[in-house]
Amino acid sequence: MRVLFIGAHPDDCEFFCAGTLAKYAARGDDITIAISTNGNIGSMRHERKEDIAAIRHVEAQNACDIIGAKLIWMDIDDEYVIDSRQTRDMFIDVVRRARPDVMFTTWKMKDYNPDHDITGYMAFIARINSTIKLIKTEHPPTEKIPVMFYCQPTGGANFIPEYYVDVTETMDTKVAMWMAHKSQNEEWADDMFHVDILKMMKDNCAYFANQTGSSSKYSEVFRLCNTFPIGAAEPHKLLP
Ligand SMILES: [Zn+2]
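Summarised in this report is the structure supplied together with it. Model, not experiment: these values are computed from the prediction.

This paragraph deals with the nonpolar core. By size, the foremost hydrophobic cluster in this structure holds 43 residues, and its most contacted members are L21, I31, I33, I67, F104 and F149. Top element by residues in this core is helix α2 (residues 18–26). It accounts for five residues. In contact with I31, not counting residues within four places along its chain, are V3, L21, Y24, A25, I67, A69 and K70. Core analysis: the next-biggest nonpolar cluster, separate from the first, contains 24 residues, I6, M74, I76 and V81 among them.

Our next topic: the coordination of the zinc ion. Each pair of donors in an ideal octahedron of six around a metal sits at 90 or 180 degrees, and each pair in an ideal tetrahedron of four sits at 109.5 degrees. For the zinc ion, the protein coordination sphere consists of H9 (ND1), D12 (OD) and H116 (NE2), at 2.0 to 2.1 Å. Donor residues binding the zinc ion come from one chain and are separated in sequence as H-x2-D-x103-H. Its relative accessible area of 8% is what places H9 among the buried residues.

Another point: the pattern of salt bridges. Counted under the stated rule, the structure contains twelve salt bridges. The shortest N-O distance in the salt bridge between K174 and E220 comes to 2.6 Å. Residue K174 is located in helix α6 (residues 171–179), and its partner E220 is located in strand β7 (residues 219–224); the two are separated by 46 residues in the primary sequence. A relative accessible area of 1% places E220 in the buried class. The residue E234 makes a salt bridge to K237 at a minimum N-O spacing of 2.9 Å.

So, about the environment of A63. Structurally, A63 can be placed in helix α3 (residues 49–67). The sequence separation of A63 and F16 amounts to 47 residues, and the corresponding C-alpha distance is 14 Å. Those residues within four positions of A63 in sequence are excluded, and the remaining contacts are E14, M177, A180 and H181.

Among the structural elements, T87 can be located in helix α4 (residues 85–98). T87 sits in the buried class, given a relative accessible area of 7%. Placed 23 residues apart in sequence, T87 and K110 show a C-alpha to C-alpha distance of 19 Å. Residues contacting T87, with those up to four places away along its chain left out, are I76, V81, I82 and M122.

Sheet strands pair by backbone hydrogen bonding; their relative direction is either parallel or antiparallel. Read across the sheet, seven strands follow the order β3-β2-β1-β4-β5-β7-β6 without closing on themselves; strand pairing throughout is mixed. Of all strands in the sheet, those with a lone pairing partner are β3 (70–76) and β6 (163–166), marking the two edges. The average angle at which neighbouring strand axes cross in this sheet is 25 degrees, direction not considered. Of the strand pairs in this sheet, strand β1 (residues 2–7) and strand β2 (residues 30–37) are connected by six bridges, and their pairing is parallel. Bridging from a neighbouring strand, V3 pairs with I31 of β2. Across the sheet, α4 touches β1, β2, β3 and β4 (102–105), and the angle it forms with β3 is around 175 degrees. Sheet strands touched by helix α8 (residues 197–212): β6 and β7. Its angle to β7, the strand with the most contacts, is close to 75 degrees.

Over its 19 residues, α3 extends 28 Å from the first C-alpha to the last, a length consistent with the 27 Å expected when each residue adds 1.5 Å. On the buried face of α3, the contacting elements are α1 (12–16), α2, β2, β3, α6 and α7 (182–193).

Evaluated as defined, the whole model comprises eleven aromatic pairs. Residues F15 and F16 carry aromatic rings whose centres are separated by 5.9 Å and whose planes lie at 85 degrees to one another, so their mutual orientation is edge-to-face. Of the two residues, F15 and F16, neither departs from the other in class, the shared state being buried. Taken together, the ring pairs in this structure connect Y24, F104, F149, Y163 and F222 into an aromatic cluster. Cation over ring: K108 sits above F124, and NZ or CZ is 4.7 Å from the ring centre.

Rules used in this analysis
Residues numbered from 1 in each chain as written. Predicted model: local features only at pLDDT ≥ 70, side-chain atom pairs only at ≥ 80, totals over all residues. Heavy atoms only, no water. Core = buried A, V, L, I, M, F, W, Y, C linked by side-chain atoms within 4.5 Å. Buried < 20%, exposed > 50% of the residue type's maximum accessible area, 1.4 Å probe, protein only. Helix = DSSP H or I, 4+ residues; strand = E, 2+ residues; numbered from the N terminus. Contact = heavy atoms within 4.5 Å. Donors = N, O, S within 2.8 Å, 3.2 Å for Na, K, Ca; no water. Salt bridge = Lys/Arg side-chain N within 4 Å of Asp/Glu carboxyl O. Pairing = 2+ DSSP bridges. Axes fitted to C-alpha atoms, helices over the stretch in contact; angles between N-to-C directions. Expected span 1.5 Å × (residues − 1). Phe/Tyr/Trp six-rings, centres within 6.5 Å; stacked < 30°, edge-to-face > 60°. Lys NZ or Arg CZ within 6 Å of the ring centre and 35° of its normal.

Quick look at the structure:
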């Protein structure tokens, strides 16, 4: 199966669904991680935006390498994902490159960060429009509309999960991928938000796992993109 995650920032995947992607990867599925922005303002300690983008590109590649995922670096300036004709075409071409059976993206219903919201909305548009032959991009149109899930917003605020994936076994991999983003876990999270973001990530997954009433220690949670056409009669079966 082919799996595509489209996130806004180079560390979004790790925070929102890396444990789930690691489960797909472990069973041999093909994983693509697309990142819409280059994260080029995500530092208080560098002067040049291009230096920050270069650091974060390397970190993102290192994280992808841990699970053997392909990286698509879309290189939009951080905090400037804007709904435009050009942006829609970029997202459509990402779906055409990855040709997913199932997609994941950021929550589009008001996370704290507008890049998350608009990336989720662009993915929502691209999911269907990637099949339309008269929309021309570099790669050929896809044949089918994939099932798509939204990830939780940051911290899980204002979010009622529909689907829980037990990531207890892949939590170490999720953490390793997160730690690959050294510029974020060693500098930015503390400089900007004064939070221990690794603790927050693990606590978040533990909180959702508690909701299941099962032996699961950690869960990642999702909501289905439930507008027509959903794309499968039993979409939960596409989760690992
Ligand atoms: Zn983000």
